[in-house]
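Inside the fold
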Amino acid sequence: LDYKSFLTNRERAVDYLNTRKRLYVVDGYGGWDADYRVPVRVITSRAYHALFMQNMLVPPTEHELETGFQSPFVIMNAGVFPCNRQTAGMTSSTSIAVSFKRREMVILGTQYAGEMKKGVFTIMNYLMPLMPKRDLPPADRALPLHASANIGPDNDVSIFFGLSGTGKTTLSADPKRELIG
């Protein structure tokens, strides 16, 4: 998607959100570790989407909100409203687009809450391998994974990789093994 089309979709989302009587804003972090986490702000017109992301993101402390919650990646969820199919690059009424330059994600034409979660994963997969510093060797950087893991009594670790809904959490929740995450 070219930058002009992203801006067209962004303007459409902002215009739609500006017509709503009530908006929900959720601030949180993608990831727990302070050295690697990504600040995220979600703006949506649906309470369900706000609750979903409030549950998904790590909540900032009051102190962090006052002093350290800077330059969040903004997710504008206007999924109730379709994108314009006449916009260059659009082939349907649905668009989920990310601009790393603007640190923004725009959602149009879908009410599936998982798009926001997938968006945070995408952002983390793009940014985290460069953290905590770009000039570190790869072995000293972060690698985000869509996975779950547990550890057995003999320190044997199992990692479960898979798409959403494939049973990673269920498989890792073995009562004889400690959950890592």
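Residues numbered from 1 in each chain as written. Predicted model: local features only at pLDDT ≥ 70, side-chain atom pairs only at ≥ 80, totals over all residues. Heavy atoms only, no water.

This paragraph deals with the pattern of salt bridges. Using the criterion set out here, one finds five salt bridges in the structure. Across the pair Asp27 and Arg41 runs a salt bridge, and its minimum N-O distance is 2.6 Å. Note that Asp27 is positioned in strand 1 (residues 24–30) and Arg41 in strand 2 (residues 38–44), a separation of 14 residues in sequence. Among the salt bridges present, the one from Asp156 reaches Arg177, with a minimum N-O distance of 2.9 Å. In this pair, Asp156 sits in the loop between strand 6 (147–151) and strand 7 (157–161) while Arg177 sits in the loop between helix 5 (168–172) and strand 8 (178–179), placing the two residues 21 residues apart along the sequence. Asp156 sits in the partly exposed class, given a relative accessible area of 36%. Overall, Arg177 belongs to the buried group, its relative accessible area being 18%. Each member of the salt-bridge network shares a partner with another, and the members are Arg10, Arg102 and Glu104. (Salt bridge = Lys/Arg side-chain N within 4 Å of Asp/Glu carboxyl O. Helix = DSSP H or I, 4+ residues; strand = E, 2+ residues; numbered from the N terminus. Buried < 20%, exposed > 50% of the residue type's maximum accessible area, 1.4 Å probe, protein only.)

Right, let's get into helix 1 (residues 3–18). Over its 16 residues, helix 1 runs 22 Å from end to end, which matches the ideal 22 Å to within 8%, given 1.5 Å per residue. Where helix 1 is buried, its residues contact strand 2, strand 3 (73–78), strand 4 (95–99) and strand 5 (104–108). At the N-terminal end of helix 1, a side-chain oxygen is found 3.3 Å from the backbone nitrogen of Lys4, two or three residues along, and the residue is Asp2. (Expected span 1.5 Å × (residues − 1). Contact = heavy atoms within 4.5 Å. Polar contact = N/O pair within 3.5 Å; in protein donor to acceptor, adjacent residues only side chain to side chain.)

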